Amino acid sequence: MWGDVLIDGHNRYKICSSHDIPFNTVQMNFVSRDEALLWVMRNQLSKRNLNDLQRIELVRKCEDAVKAQAKERQLAGLIQNEDTVKENFPERENSGKQARDELGAMAGVSGRTYEHATEMLDKAPEPVVEAARNKELSIDAAYEVTKMSQEQQAEISERIEHGEKPKAVVADVKKRQKQAKRDNKAKRSESTQEDSKVQLTLEGEPEDMTAETSENETSSEKYKVISLSLGTEFNRDYLVKLHVENLVADDCALFLWCSYQVLPEIFKAALWENWGLKYQTVAFMSSKELCILAIRGDSMLNDTSLPKVVESYEQERQDLIKGLTGNVPVCELQ
């Protein structure tokens, strides 16, 4: 008992009262309701045979009380010490990972499992939550359902309610989801190989060109700087047919932007040689992409301290190029 409030032994009290069985009570001393709640939580966690999700739900009910008690401890520490004292249990929004880990430890699970469980309890369909409570689904499997589409979640709920085993249902939907992703990726790859076209966007004159420029057709203007972006796709035969050599001046620089995954193929193909240029160095590089520099004729670089490490190429590429070559006409191929 805490004063007149029964805080533990509700079932025993009901049995004794129903059958006129004598019983004794023990008074507990708590300074606040939050402290009483925490005592009840810890007592139930130590005595009852609960599964992981049941323990997490119990801890979650007392989460606010845990935070309130932590603030009280912090305040007491601040009164004794003028220096700021770290909270014993920081609020989730201020230090989410640490709070998550400590809450998980109270429930006897990892912080990651605690976080997944609470998100699942909030977002998963009720049949999925019940399956997790009954240990027919793991917490992680139930959590994965929250990342699926509304249609997939509805299918899983309906099949569980019609008596199918939750674990088998979720596994089946996940398998189909993965296969659909593989099929879509294959289709995109096919589309890229068969239908991809490289757009030539020229800055100023002459008029825009197309990728189908023939060997006999030449641009009326020769460019001192060519900027070619390959991204993650590489088709050597198609790129050779661009005939970049018809666009470049006698003294020119080629900036070839590409991802690291196609880099071996690019060096093997040595596209610049097909276009009459020589490999020089790497001009720019970041964690995801780099830019190869090839030249023809005399070097026209203002800055030879290469390569330059940049955080992102999302910044204007022509600004990067002009920092090396000056304000000259640029032909940008994307």
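Structure shown above.
Residues numbered from 1 in each chain as written. Predicted model: local features only at pLDDT ≥ 70, side-chain atom pairs only at ≥ 80, totals over all residues. Heavy atoms only, no water.

With respect to the overall build of the protein chain
Which entries qualify depends on this criterion: A run of H or I in DSSP becomes a helix once it reaches four residues, and a run of E becomes a strand once it reaches two; helices and strands are each numbered from the N terminus. Throughout, exposure labels follow a simple rule: accessible area from a 1.4 Å probe, protein chains only, divided by the maximum for the residue type, with under 20% read as buried, over 50% as exposed, and the rest as partly exposed. Whether two residues are in contact is decided by their heavy atoms: any pair within 4.5 Å suffices.
The secondary structure content of the protein chain amounts to 14 helices and 7 strands. Buried positions account for 42% of the 334 residues belonging to the protein chain. Restricting to contacts in the protein chain with at least 6 residues of sequence separation, those with at least 24 account for 65%.

Re the pattern of salt bridges
As a reminder, the rule being used: The salt bridge definition used is simple: a Lys or Arg side-chain nitrogen within 4 Å of an Asp or Glu carboxyl oxygen.
On inspection of all chains with the given rule, the structure shows 15 salt bridges. Among the salt bridges present, the one from Glu119 reaches Lys147, with a minimum N-O distance of 3.0 Å. A residue pair is termed long-range when its members are at least 10 positions apart, and Glu119 in helix α6 (residues 111-123) and Lys147 in the loop between α8 (139-145) and α9 (150-161) qualify at 28 residues. Residues Arg159 and Glu164 are paired through a salt bridge, measuring 3.0 Å at the closest nitrogen-oxygen approach. Through salt bridges with shared partners, a single ionic network connects Glu155, Arg159, Glu164, Asp172 and Arg176.

Concerning unusual backbone geometry
At Asp20, a position not held by glycine, the phi torsion is positive, near 55°. Tracing the sequence through the fold places Asp20 in the loop between α1 (10-18) and α2 (33-47). Of the residues examined, Asp20 reaches a relative accessible area of 70% and is grouped as exposed. The backbone of Lys135 sits at a positive phi, close to 65°, despite the residue not being glycine. Within the element layout of this structure, Lys135 appears in the loop between α7 (126-133) and α8.

Points about the pairing of strand β3 (residues 248-259)
Put simply, the test is: Two strands make a pair as long as DSSP finds a minimum of two bridges between them.
Counting buried residues along β3, 10 of its 12 residues qualify, which places the element largely inside the surrounding structure. As paired strands, β3 and strand β5 (residues 289-296) are joined by 8 bridges and run antiparallel to one another. Following the sheet pairing, Ala253 is matched in β5 by Ile295.

Brief notes about helix α14 (residues 317-325)
Which entries qualify depends on this criterion: By construction, the arc corresponds to the directions joining the helix axis to the C-beta atoms.
Buried within α14 are the following residues: Arg317, Gln318, Leu320, Ile321, Leu324 and Thr325. Down the axis, α14 shows its buried residues gathered within 155° of arc, on one side only. Where α14 terminates, the next one or two residues include Gly326, which has phi positive at roughly 90°.

A few points about the environment of Ala269
Inspection of the secondary structure puts Ala269 in helix α12 (residues 263-269). Judged by its relative accessible area of 12%, Ala269 falls in the buried class. With 29 residues separating them in the primary sequence, Ala269 and Val240 have C-alpha atoms 9.5 Å apart.

Brief notes about the pairing of β5
Looking down a regular strand, the side chains alternate between one sheet face and the other. The buried count for β5 comes to 7 of 8 residues, which makes it a mostly enclosed element. Both strand β4 (residues 278-285) and β5 contribute to a ladder of 6 bridges, which runs antiparallel. Its bridge partner being in β5, Met285 is matched across the sheet by Leu290. Between β4 and the antiparallel strand that follows it, β5, lie 3 residues.

Topic: the layout of surface pockets
The cut-off we apply is this: Every definition here rests on a 1 Å grid over the protein atoms only: cavities are sets of points where a 1.4 Å probe fits but cannot get out, pockets are open sets enclosed by protein on both sides within 12 Å along at least five of seven lines, and lining residues have some atom within 4 Å of a point. Grid points are joined across faces, edges and corners, and a volume is the space filled by probe spheres set on the points.
Here the second largest pocket defines a volume of roughly 360 Å³. Considering the residues around the second largest pocket, the lining is formed by 14 residues, among which Leu6, Asp8, Gly9, Arg12 and Asn24 are closest to the centre. With 3 residues, α1 is the largest single contributor of residues to the lining of the second largest pocket.

Some thoughts on the packing of helix α3 (residues 52-61) against α6
Spelled out, the test is: Fitted lines through C-alpha atoms give the axes, limited to the stretch in contact for helices. The angle between two N-to-C directions lies from 0 to 180 degrees. Should an angle fall under 35 degrees it is taken as roughly parallel, and over 145 as roughly antiparallel, whereas 65 to 115 is taken as roughly perpendicular and any remaining angle as oblique. Side-chain classes follow a simple rule in which Ala, Val, Leu, Ile, Met, Phe, Trp, Tyr, Cys and Pro form the nonpolar group, Asp, Glu, Lys and Arg form the charged group, and the remainder, Gly included, forms the polar group.
Contact geometry for α3 and α6: axes closest at 10 Å, N-to-C directions at 80°. Relative to α6, the element α3 is oriented roughly perpendicular. On α6, the residues touching Leu53, Ile56, Glu57, Val59 and Arg60 of α3 are Thr113, Tyr114, Ala117, Thr118, Met120, Leu121 and Asp122. For the contact of α3 with α6, the per-class residue count stands at 7 nonpolar, 2 polar and 3 charged.

A short note on the packing of aromatic side chains
The line we're drawing: Stacked, tilted and edge-to-face are the three classes applied to pairs of Phe, Tyr and Trp rings, where Trp contributes its six-membered ring and a pair requires centres within 6.5 Å; stacked means planes under 30 degrees apart, edge-to-face means over 60, and tilted covers the rest.
In total, this model carries 8 aromatic pairs according to the counting rule given. Judged by centre distance (6.3 Å) and plane angle (25°), the rings of Phe255 and Phe284 are stacked. Remark: Phe284 occurs in strand β4 and Phe255 occurs in strand β3; sequence separation between them is 29 residues. Judged by its relative accessible area of 1%, Phe284 falls in the buried class. Between the aromatic rings of Trp272 and Tyr279, the centroid separation amounts to 5.8 Å while the plane-to-plane angle is 40°, which identifies the pairing as tilted. Following the ring pairs from residue to residue traces out a cluster consisting of Trp2, Phe30 and Trp39.

With respect to the nonpolar core
Across soluble globular proteins, nonpolar side chains show a tendency to be buried alongside one another. Worth spelling out the cut-off: Among the buried residues, those of types Ala, Val, Leu, Ile, Met, Phe, Trp, Tyr and Cys that are joined through side-chain atoms within 4.5 Å form a nonpolar core.
In terms of nonpolar packing, the biggest core is built from 34 residues, with Met120, Val128 and Ile156 touching the most fellow members. Only α2, α3, α5 (96-107), α6, α7, α8, α9 and α10 (166-195) provide two or more residues apiece to this core. Tallying contributions element by element places α8 first for this core, with 5 residues. Setting aside residues up to four positions removed in sequence, Met120 forms contacts with Leu53, Val129, Ala132, Ala142, Tyr143 and Thr146. Residues Leu254, Val262, Ile266 and Ala269 belong to the second largest nonpolar core, which totals 29 residues.

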